[in-house]
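Chains, contacts and geometry: an overview
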Amino acid sequence: MAFGRKPEEEIITAETKIWECTSDSCKGWLRDNFKSSEDPVCPLCGSPMESTTKVLQVVDNNSPIKD
């Protein structure tokens, strides 16, 4: 018996819009709802990024939107 063990939470996934780095030598990417500009640049190498989708765990961005 496993007393004191918490039940495992279900991981909820969804197809999510992301931005991927266009550089072949960089594996950087970020979620669309965490980008800081309309056309983001890679935070790791500074290269342009392109929009795509990926199945990821659902994460909400609760920070205020800056105008």
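The paragraphs below set out a description of the structure included in this document. What you are looking at is a predicted structure, and each value in this text was computed from that prediction instead of being measured.

Turning to the overall build of the chain, a few remarks are in order. Broken down by element type, the chain carries zero helices and three strands. Secondary structure of the chain in N-to-C order comes out as β-β-β. For the chain, whose C-alpha radius of gyration is 16 Å, the value lies well above the compact-globule estimate of 11 Å for 67 residues. With respect to the principal axes defined by its C-alpha atoms, the chain has extents near 55 × 35 × 20 Å.

Another point: the packing of aromatic side chains. This model, assessed by the stated rule, comprises zero aromatic pairs. One cation-aromatic arrangement involves Lys54 over Trp29; the distance from NZ or CZ to the ring centre is 4.5 Å.

Sheet strands associate in pairs through backbone hydrogen bonding, adopting either a parallel or an antiparallel arrangement. The strand order 2-1-3 describes an open sheet built from three strands, whose pairing is antiparallel. Edge positions in the sheet fall to strand 2 (29-31) and strand 3 (49-57), since each of these pairs with one other strand and no more. Sheet twist, expressed as the average angle between the axes of neighbouring strands with direction ignored, equals 35°.

The rules behind each value
- Residues numbered from 1 in each chain as written.
- Predicted model: local features only at pLDDT ≥ 70, side-chain atom pairs only at ≥ 80, totals over all residues.
- Heavy atoms only, no water.
- Helix = DSSP H or I, 4+ residues; strand = E, 2+ residues; numbered from the N terminus.
- Rg over C-alpha atoms; globule rule 2.2 N^0.38 Å.
- Phe/Tyr/Trp six-rings, centres within 6.5 Å; stacked < 30°, edge-to-face > 60°.
- Lys NZ or Arg CZ within 6 Å of the ring centre and 35° of its normal.
- Pairing = 2+ DSSP bridges.
- Axes fitted to C-alpha atoms, helices over the stretch in contact; angles between N-to-C directions.

Distances and angles like these do not, on their own, reveal function.
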